[in-house]
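In case you want the letters, here they are:
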Amino acid sequence: MDRSQGRTGGVFAGDSMAPATFTGNRALQIEEPLIFEMGQPGRCGVDLPEPPPRSSGVKDRLNGLRRNGEIGLPGLSEPQVVQHYTRLSQKNYAIDMGVYPLGSCTMKHNPRINEKVARLPGIGDLHPLQPVSTAQGALALIDALAHWLKTLTGMPAVAMSPAAGAHGEMCGMMAIAAALEARGERAVRKVVLAPESAHGTNPATAAALGFTVKPIPANAHGRVDLAALKAELGPDVAAIMLTNPNTCGLFENEIIEISKAVHAAGAYFYCDGANFNAIVGRVRPGDLGVDCMHINLHKTFSTPHGGGGPGAGPVVLSAALAPYAPYPWIVKNGDTWSVAEDGAKVDGQPLGRLKAFHGQMGMFTRALAYILSHGADGLKQASEDAVLSANYVMASLKDVMTPAFEGPCMHEALFDDSFLKDTGVSTLDFAKAMIDEGYHPMTMYFPLVVHGAMLIEPTESQAKEDLDLFIAALRSLAERAQSGTAAEDFKAAPRYAPRRRLDETLAARKPVLRWRPSNSLKQAAE
Ligand SMILES: Cc1ncc(COP(=O)(O)O)c(C=O)c1O
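Remember, it's a predicted structure, so these values are computed and weren't measured experimentally. (Residues numbered from 1 in each chain as written. Predicted model: local features only at pLDDT ≥ 70, side-chain atom pairs only at ≥ 80, totals over all residues. Heavy atoms only, no water.)

Caption draft 1: Quick peek at the overall build of the protein. Per the secondary structure count, the protein includes 15 helices and 13 strands. On C-alpha atoms alone, the protein measures out to a radius of gyration of 26 Å, which is about the 24 Å that the 2.2 N^0.38 rule sets for 526 residues. Considered along the principal axes of its C-alpha atoms, the protein spans approximately 75 × 75 × 45 Å. Considering only residue pairs separated by 6 or more positions, the protein has 68% of its internal contacts joining residues 24 or more positions apart. Computing the positive centroid from 49 side-chain charges and the negative centroid from 54, the protein places the two 6 Å apart. (Helix = DSSP H or I, 4+ residues; strand = E, 2+ residues; numbered from the N terminus. Rg over C-alpha atoms; globule rule 2.2 N^0.38 Å. Contact = heavy atoms within 4.5 Å. Lys, Arg positive; Asp, Glu negative; His and termini not counted. Charge placed at Lys NZ, Arg CZ, Asp CG, Glu CD.)

Spelled out as structure tokens, the structure:
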């Protein structure tokens, strides 16, 4: 089959005035069909033993569920598969390609030493069901990471099993609910306070647990309005969920007063630790009066986002909440490690399990490798460098773009869209034009408290000359937008990406999630 059959030549992005090529490709921009469209019946990249014929009388061990037709896998040779996936990988922007300024996500470098350690025999080959007596080193590793997390946060306990930040939020808020239950106050303390700038997962978690969420406004400096917070605190409040540094990239400088007021009202302080990467090694959340906080290992401790497998969002807990940490608990008796599973006797009232097994071993290993390879001083240096980079971006662009708030920022630089006023260019257009310049766009329209927000998190990973080029590219876009003559150009961006602007509403409302032979590419593109 001619592979070009799968191509959708007409929708290829780029300069429509350029002459067509024979293949439909544009240099290294190759229009890639789906692997199913490339496959040939009967072709196979590996040698497998012939299956026994269906009629051979082999005992049906599948209780009648044995497949009796072809499953329709695409047939390709090994080089075809390798080429296909390599071409696909080149369509994606990745942190291994360049500056990835997606604010709030902390797209920092994933050091290769982490990968090396995670693949060591004995770690890479672990199975969650193998006997605990054969996984003693793994339990010691989990405990060593737990020790670091407790030390860096100044908190006495940590629940290691949650699978991501949002799952950690669920864990922490369940611990708060359990503590309130034990105090006999779960029924009356129904309100969770969350700043207007909160990440959506905060109110979603609280609401999923049956709490009523009340927003707290931001003050003119992008921080929690303390007076408004105090006015909401009362005997019906269960907790505040607060991100620090907050989602505007600013340190909540009244944090001690906030935590004192929350505790005086009998409520708990949940800290969203997604931005811990800005303060690790410099500030211990435990010293600020935090009762629990999740740590996104993929942000602060450099584990891969998604691509490396499931995530990890351990939750550190204060002494008041430690007894409610979910199972499993890793316990040391003398020289031996054991895992306290559901129902085991421990010194507390665990929540039960939040997920299968003990947490994400691969992520634990990578995070510990990162911590040990940096050391305490290196971790501090990394957070300082992240803050320095963000301030460098902000200071370098503040004459052409509009910082959302006055003063220095922490690890991310937040701009609003006033610099685009009356230019006909929106935040979205600006972001799309960044793609043509070879950059993944920054986070847009978040946090909601800032009009047309552009949240840039350069992280500590980028060399100064790369940051300088990034800054120069943004400067040139801002100046072009402000020239008042480029709105149409911006609206047409991206021109050089494999796809231009998609119909995001259609994609969300009528997603084509599965290819069927009748789903021609043409239909999917319509
Ligand atoms: C401030 C904040 N809170 C919570 C989360 C949720 O974390 P996760 O994506 O690990 O579930 C994020 C993720 O970006 C975040 O930025």
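Caption draft 2: Focus on the packing of aromatic side chains. The tally for this structure, following the rule as stated, stands at six aromatic pairs. Geometrically, the ring pair formed by F419 and F430 is edge-to-face, given 5.5 Å between the ring centres and 85° between the ring planes. In this pair, F419 sits in the loop between β11 (413-416) and α11 (427-436) while F430 sits in helix α11, placing the two residues 11 residues apart along the sequence. By relative accessible area, which is 7% here, F419 ends up buried. Within the aromatic cluster, the residues linked to one another by ring pairs are F419, F430 and F490. The ring of F211 has R186 sitting right over it, with the charged end atom 4.3 Å from the ring centre. (Phe/Tyr/Trp six-rings, centres within 6.5 Å; stacked < 30°, edge-to-face > 60°. Buried < 20%, exposed > 50% of the residue type's maximum accessible area, 1.4 Å probe, protein only. Lys NZ or Arg CZ within 6 Å of the ring centre and 35° of its normal.)

Caption draft 3: Seen up close, the environment of P101. Tracing the backbone through its elements, the reader meets P101 in the loop between α2 (78-89) and α3 (112-118). C-alpha of P101 to C-alpha of E412: the two residues are 311 residues apart in sequence and 8.9 Å apart in space.

Caption draft 4: Representation of the site of the ligand in the model. Taken together, the residues surrounding the ligand are S104, A164, G165, A166, E169, H199, T201, D272, A274, N296, H298 and K299. Only α5 (165-182) and α9 (297-300) provide two or more residues apiece to the shell around the ligand. Examining the composition of the shell around the ligand, we find that three residues originate from one element, α5, more than from any other. Per-class residue counts for the shell around the ligand are three nonpolar, six polar and three charged. (Near = heavy atom within 4 Å. Nonpolar A, V, L, I, M, F, W, Y, C, P; charged D, E, K, R; others polar.)

Caption draft 5: Fine view of the nonpolar core. Grouped together as the largest cluster of nonpolar side chains are 56 residues, with contacts concentrated most on L145, L229, F301 and F364. For this core, the secondary structure elements donating two or more residues are α4 (136-153), β2 (191-195), α7 (226-232), β4 (237-243), α8 (255-264), β5 (268-272), β9 (336-340) and α10 (361-397). In terms of residues, this core owes the most to one element, α10, which gives 10 residues. Aside from chain neighbours lying at most four places away, what touches L145 is M160, L297, F364, A367, L368 and I371. Grouped together as the second largest cluster of nonpolar side chains are 37 residues, M107, V393, Y439 and A481 included. (Core = buried A, V, L, I, M, F, W, Y, C linked by side-chain atoms within 4.5 Å.)

Caption draft 6: Summary view of the sheet that holds strand β12 (residues 443-444). With antiparallel pairing, four strands are arranged side by side in an open sheet as β10-β11-β13-β12. Two strands bound the open sheet, and with one partner strand each, they are β10 (402-403) and β12. Inspection of the sheet shows β12 paired to strand β13 (residues 454-456) by two bridges, in the antiparallel sense. Across the sheet, M444 pairs through a bridge with M454, a residue of β13. Its contacts with the sheet place α10 against β10, β11 and β13, and it is angled at close to 30° to β11. (Pairing = 2+ DSSP bridges. Axes fitted to C-alpha atoms, helices over the stretch in contact; angles between N-to-C directions.)

Caption draft 7: View of the sheet that holds β2. Across the sheet, seven strands lie side by side as β1-β7-β6-β5-β4-β2-β3; this open sheet has mixed pairing. Both outer strands of the open sheet, β1 (157-159) and β3 (212-216), are each paired with one neighbouring strand and no more. Ignoring which end each strand starts from, the neighbouring axes of this sheet average 25° apart. α8 rests against β4 and β5 of the sheet, and its axis sits at about 140° to β5.

Caption draft 8: Representation of the pattern of salt bridges within the structure. Inspection of the entire model under this criterion finds 24 salt bridges. Salt-bridge contacts for K230 lead to E257; the nearest nitrogen and oxygen are separated by 3.1 Å. Remark: E257 occurs in helix α8 and K230 occurs in helix α7; sequence separation between them is 27 residues. A relative accessible area of 40% places K230 in the partly exposed class. By sharing partners, the salt bridges in this structure join E115, R119 and R366 into a single network. (Salt bridge = Lys/Arg side-chain N within 4 Å of Asp/Glu carboxyl O.)

Caption draft 9: Region of interest: the confidence of the model for the protein. Per-residue confidence for the protein gives a mean pLDDT of 92; residues scoring 70 or more make up 94%. This stretch, residues 1-13, has a pLDDT under 50; its non-local contacts, to residues over four places away or in other chains, come to 29 contacts. (pLDDT = per-residue confidence, 0-100.)

Caption draft 10: Region of interest: the pairing of β4. Counting buried positions over the seven residues of β4 gives seven, a clear majority of the element. Sheet analysis places β2 next to β4, joined by three bridges and oriented parallel. Counterpart to V191 in the pairing with β4 is V237. As paired strands, β4 and β5 are joined by five bridges and run parallel to one another. Bridge assignment links T243 to a residue of β5, and that residue is D272. Once you follow β4 into α8 and on to β5, the crossover reads as right-handed. (Right-handed = clockwise from strand over helix to strand, strands pointing away.)

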